[in-house]
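Summary of the model geometry
Spelled out, the chains give:
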Amino acid sequence: MLTAVVAVSLVVTAAGCSSSGGKQSEENAANNAAAGKADTPKITVAMITHAAQGDTFWDIIRKGANAASAKDNVDLKYSSDPDSTKQASLIQSAIDSKVNGIALTLSDPAAISPMVKKATDAGIPVVVFNQGFQAWQESGALSYFGSNEQEAGEQAGKRAAEAGAKHILCVPQAQGSLALETRCNGVEKGFTGAGGKYTKLYVNQLDMPSVQSTITAKLTQDKTIDYVITLGAPIALTAIQSIKAAGSSAKLGTFDSNPQIIDPVKNGQVQFVIDQQPYLQGYLAVDSLWLYKANGNVIGGGLPVPTGPYFVDKSNVDAFAKFASGGTR
């Protein structure tokens, strides 16, 4: 289904692509995603997320959103705040400004779902992406684009168990996030189901020196921890330093990617990365709203559109790196 969706959304761009092929054409494919441009009237789409400042994961989402906006003649208004109350205020501002569509992350359904209803009551279509897998349908949104975090977590836990781990540490970088809690719940289920011990450690993503010291202290205090799973690439990069500082031999896996995580995967500092394809999430969120406004299309037919999980490890990191170097994976 997902392949077909992407094919439909990119049909306008085909006429603008080079027919010459070759390595250069292949490497620039993502940048050429907006080569064509819709002739439909310009619309304004607000994209409102829970992103924390400095988290490079969201740069990839925005690249996808910007590519779709350029293709679809969309004026994209992006804003974010990790505080769900403030995110709700940003959504209210978008409603007040009468945008043509809203793409948002449902990181805190209790705070954000009422805003989805406010938007739809005002005649503004809403799609959810990245967070809200369990709650988007009840919110009244048209579509959801993202990963099944429970499934991803279970697969991560099972991988660690298969690698011989006995005690796993799951590290959420914020409290109160439904997606982060679901990831760790999945890790726990997948790992303890295989007989392993599970521990969870909260860190503050807004204070990276504190992240490093908190993980270091935990690994120093409990030498039985032999596998760490972080829930974001910047946290994983910091955890590498924590493992060294603690004199630990723990292995490390992470959710989410960025260009900086490639070398640690290649050299074995990171065993795997769970990619949820953020570029695709941003692209489809904007493109789906354009399709809905232009032709009444609803992608997914009432079901979530999965963009992950996709595991990256030494076996496939070179192919992945080609696109990650361009900031699109």
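The structure this text deals with has already been given above.
Keep in mind the model is a prediction, meaning the values are calculated, not measured.

1. Quick notes on helix H4 (residues 84-96)
An α-helical segment advances 3.6 residues per turn. Residues three or four places apart therefore align on the same side. Over its 13 residues, H4 extends 18 Å from the first C-alpha to the last, a length consistent with the 18 Å expected when each residue adds 1.5 Å. Buried within H4 are the following residues: Ser84, Gln87, Ala88, Ile91, Ala94 and Ile95. For H4, the angular spread of the buried residues around the axis is 110°, confining them to a single face. The exposed set on the far side of H4, more than 90 degrees from its buried face, consists of Thr85 and Asp96. The secondary structure elements touched by the buried residues of H4 are strand S1 (43-49), strand S3 (101-104) and helix H5 (109-121). For H4, the side-chain oxygen to backbone nitrogen distance between the N-cap and Thr85 is 2.8 Å, and the N-cap itself is Asp83. Following H4 by one or two positions, Lys98 adopts a phi angle in the positive range, close to 60°.

2. What to know about the environment of Gln92
Tracing the chain through its elements places Gln92 in helix H4. Residues Gln92 and Met115, 23 residues apart in the sequence, show an inter-C-alpha distance of 7.0 Å. Excluding residues within four positions of it along the chain, Gln92 makes contact with Met115 and Lys118.

3. Re the packing of aromatic side chains
Under the criterion given, the structure shown has six aromatic pairs. Ring centres of Phe133 and Tyr144 lie 5.8 Å apart, and the angle between their planes is 80°; on these two criteria the pair is classed as edge-to-face. With Phe133 in the loop between strand S4 (126-129) and helix H6 (136-139) and Tyr144 in strand S5 (residues 144-147), the pair connects residues that are 11 residues apart, well separated along the chain. Sitting above the plane of the Phe272 ring, Arg159 keeps its charged end 6.0 Å from the centroid.

Parameters at a glance
- Residues numbered from 1 in each chain as written.
- Predicted model: local features only at pLDDT ≥ 70, side-chain atom pairs only at ≥ 80, totals over all residues.
- Heavy atoms only, no water.
- Helix = DSSP H or I, 4+ residues; strand = E, 2+ residues; numbered from the N terminus.
- Expected span 1.5 Å × (residues − 1).
- Buried < 20%, exposed > 50% of the residue type's maximum accessible area, 1.4 Å probe, protein only.
- Arc of directions from axis to C-beta.
- Contact = heavy atoms within 4.5 Å.
- Polar contact = N/O pair within 3.5 Å; in protein donor to acceptor, adjacent residues only side chain to side chain.
- Phe/Tyr/Trp six-rings, centres within 6.5 Å; stacked < 30°, edge-to-face > 60°.
- Lys NZ or Arg CZ within 6 Å of the ring centre and 35° of its normal.

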